[in-house]
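# Summary of structural features
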Amino acid sequence: MPDAALHFSGVTFGFGKDRLLFQDFTCTLKNDASAGKIIALMGPSGVGKTTFCDLALGTYRPQSGTISLSPAANFAVIPQRGVLFNELSVRDNITCLQHSQNLGTSFREARVQHAVESLNLGRVVQNNTRTAALSGGEAQRVMLARIQTIDCNFLVLDEPCSFLDNRVKDSFLKALRTTVDEQRLLALMVTHVWEEARHVADEVVFFHQTPGQPVMVHKMTPDAAFRRPPTLDAMFAIHWPDCRLIDLQGPADAQPRSGVIPPPGARYVVIARENG
């Protein structure tokens, strides 16, 4: 199986002249053919993470530039809440893509039982649990099982853990890792929660936008980001509440303690406590 890659080349896109997000934007995200990869997309609200995914999915068209997938393949999507059909059984929800006009030909019946077992859905399938009675974590795992039944190279997850408690979130992220590795997917996961990214992502892409300027991105490993966050927003996403922002032009009693030497010309300084 060849490497899966998403290419943005010279892309410009915005919502009107006062809401420019990407300008002549070029970026490539890819995995290795021998393994899957999870890339966490992080940044403040409104900076363009979901719009980036929508452009990749073809929901929006760039005003200029090109977006391509290689190899050309199916995209699967997992939103914040699992999209299930209450009139269908859990098993039928897992296998429903066989009826899809676009994805039906890529459905593989032989994968269904493995998907059920690998994602610990055997009990709810065997007991014929009502779909409406599934927990949030079970619903998200049904979505993952559904993806395991088709041929696809790319997976987009838009804050998939937003409505899950920490124990269920941990189980879901482990299931996500298993699915991505078994199917060698390139997965893009939008999240605001650093611990989710650090727990499961191979790379993190931080989106940053200065007022009046187009979006910039910084791509790195989670360990590198932890040691040296690329932006102020990344610093707070990773180290809050163990950091504070000090305005060097603010009151004297709010200035850094002795021993902290701000860089020449700096307006702000961030002090973070080492916490491993």
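What you see is a predicted model, and the numbers here were worked out from it, not measured in a lab. (Residues numbered from 1 in each chain as written. Predicted model: local features only at pLDDT ≥ 70, side-chain atom pairs only at ≥ 80, totals over all residues. Heavy atoms only, no water.)

### A closer look at the sheet that holds strand E6 (residues 154-158)
How we decide: Only strands that DSSP links by at least two bridges are regarded as paired with each other. Numbering of helices and strands runs from the N terminus, with a helix taken as a DSSP run of H or I at least four residues long and a strand as a DSSP run of E at least two residues long. Interaxial angle, 0 to 180 degrees, is taken between N-to-C directions of lines fitted to C-alpha atoms, where a helix line uses only the stretch in contact. We call two residues contacting when some pair of their heavy atoms lies within 4.5 Å.
The strand order E5-E6-E7-E3-E8-E9 describes an open sheet built from six strands, whose pairing is mixed. Both outer strands of the open sheet, strand E5 (75-78) and strand E9 (216-220), are each paired with one neighbouring strand and no more. Strand-to-strand twist across the sheet, computed as the mean angle between neighbouring axes with direction ignored, equals 20°. Pairing between E5 and E6: four bridges, direction parallel. Residue pairing across strands places Ala 76 opposite Leu 155, the latter belonging to E6. Against the sheet, helix H5 (residues 136-148) touches E5 and E6, its axis set at about 175° to E5.

### Topic: the nonpolar core
The cut-off we apply is this: Note on terminology: a nonpolar core comprises buried Ala, Val, Leu, Ile, Met, Phe, Trp, Tyr and Cys residues joined through side-chain atoms within 4.5 Å. Exposure is judged per residue with a 1.4 Å probe applied to protein chains only, and the accessible area is read against the type maximum: over 50% gives exposed, under 20% gives buried, and values in between give partly exposed.
Core analysis: the biggest nonpolar cluster contains 49 residues, and Leu 121, Leu 155, Leu 157, Leu 176, Trp 194 and Phe 206 have the highest contact counts within it. No other element matches H5, which puts six residues into this core. Once residues lying within four places of it in the same chain are set aside, the contact partners of Phe 206 are Met 42, Trp 194, Met 216, Val 217, His 218, Met 220, Ala 225, Pro 230, Ala 234 and Ile 238. Val 11, Cys 27, Val 156 and Leu 188 belong to the second largest nonpolar core, which has 26 residues in total.

### Examining the environment of Tyr 60
With respect to the helices and strands, Tyr 60 occurs in the loop between helix H1 (49-57) and strand E4 (64-70). Overall, the relative accessible area of 29% leaves Tyr 60 in the partly exposed class. For Tyr 60 and Phe 13, which are 47 residues apart along the polypeptide, the C-alpha to C-alpha distance reads 8.8 Å. The residues touching Tyr 60, leaving out its near neighbours within four places in the chain, are Phe 13, Phe 15, Thr 51, Asp 54 and Leu 55.

### Some thoughts on the packing of aromatic side chains
Quick reminder of the rule: Only centres within 6.5 Å qualify two rings of Phe, Tyr or Trp (six-membered ring in Trp) as a pair; their planes then separate them into stacked at under 30 degrees, edge-to-face at over 60, and tilted for everything else. A ring is considered to have a charge above it if a Lys NZ or an Arg CZ atom is located within 6 Å of its centre and within 35 degrees of its normal.
With the rule as written, the count across this model stands at ten aromatic pairs. Between Phe 22 and Phe 52, the ring centres sit 6.5 Å apart and the planes meet at 55°, which makes this aromatic pair tilted. Taken together, the positions of Phe 22 in strand E2 (residues 20-30) and Phe 52 in helix H1 put the pair 30 residues apart, joining distant regions of the chain. This pair shows no difference in class: Phe 22 is buried, exactly as Phe 52 is. Measuring from centroid to centroid gives 5.1 Å for Phe 75 and Phe 154, while their planes differ by 40°, and the two rings are tilted. Here Phe 75 is found in strand E5, whereas its partner Phe 154 is found in strand E6, with 79 residues between them in sequence. We classify Phe 75 as buried; its relative accessible area is 18%. For Phe 154, a relative accessible area of 1% translates into the label buried. What links up through ring pairs into an aromatic cluster is the set Phe 8, Phe 22, Phe 25, Phe 52 and Phe 207. The cationic tip of Arg 198 hangs over the ring face of Phe 226; the distance from NZ or CZ to the ring centre is 4.2 Å.

### Overview of the sheet that holds E4
A sheet is described by the order of its strands in space; here three strands give the open sequence E2-E1-E4, paired in antiparallel fashion. Single-partner strands in this sheet number two, and they are E2 and E4. Taking the axes of each pair of neighbouring strands and ignoring which way they run, one obtains an average angle of 10° across the sheet. Pairing analysis gives seven bridges linking strand E1 (residues 5-14) to E2, with the strands arranged antiparallel. Within E2, the position partnered with Gly 14 by the bridge is Leu 20. H1 rests against E1, E2 and E4 of the sheet, and its axis sits at about 115° to E1.

### Here's the deal with unusual backbone geometry
A positive phi angle, near 45°, is found at Asp 24, a position not held by glycine. Here Asp 24 is to be found in strand E2. Classification of Asp 24 by relative accessible area gives exposed; the value is 57%. Its identity is not glycine, yet Asn 128 carries a phi of approximately 55°, on the positive side. One can find Asn 128 in the loop between helix H4 (122-126) and H5.

### Here's the deal with the pattern of salt bridges
Heads up, the condition is: When a carboxyl oxygen of Asp or Glu is within 4 Å of a side-chain nitrogen of Lys or Arg, the pair counts as a salt bridge.
Applying the stated criterion to the full structure yields nine salt bridges. Here Asp 151 makes a salt bridge to Arg 111, at a shortest N to O gap of 2.6 Å. Remark: Arg 111 occurs in the loop between helix H2 (90-94) and helix H3 (112-118) and Asp 151 occurs in the loop between H5 and E6; sequence separation between them is 40 residues. Asp 202 is the partner of Arg 177 in a salt bridge, and the nearest nitrogen-oxygen pair spans 3.1 Å. Within this pair, whereas Arg 177 is found in helix H6 (residues 166-183), its partner Asp 202 is found in the loop between helix H7 (194-200) and strand E8 (203-208), the two being separated by 25 residues in sequence. Looking at Asp 202, the relative accessible area reads 30%, which means it is partly exposed.

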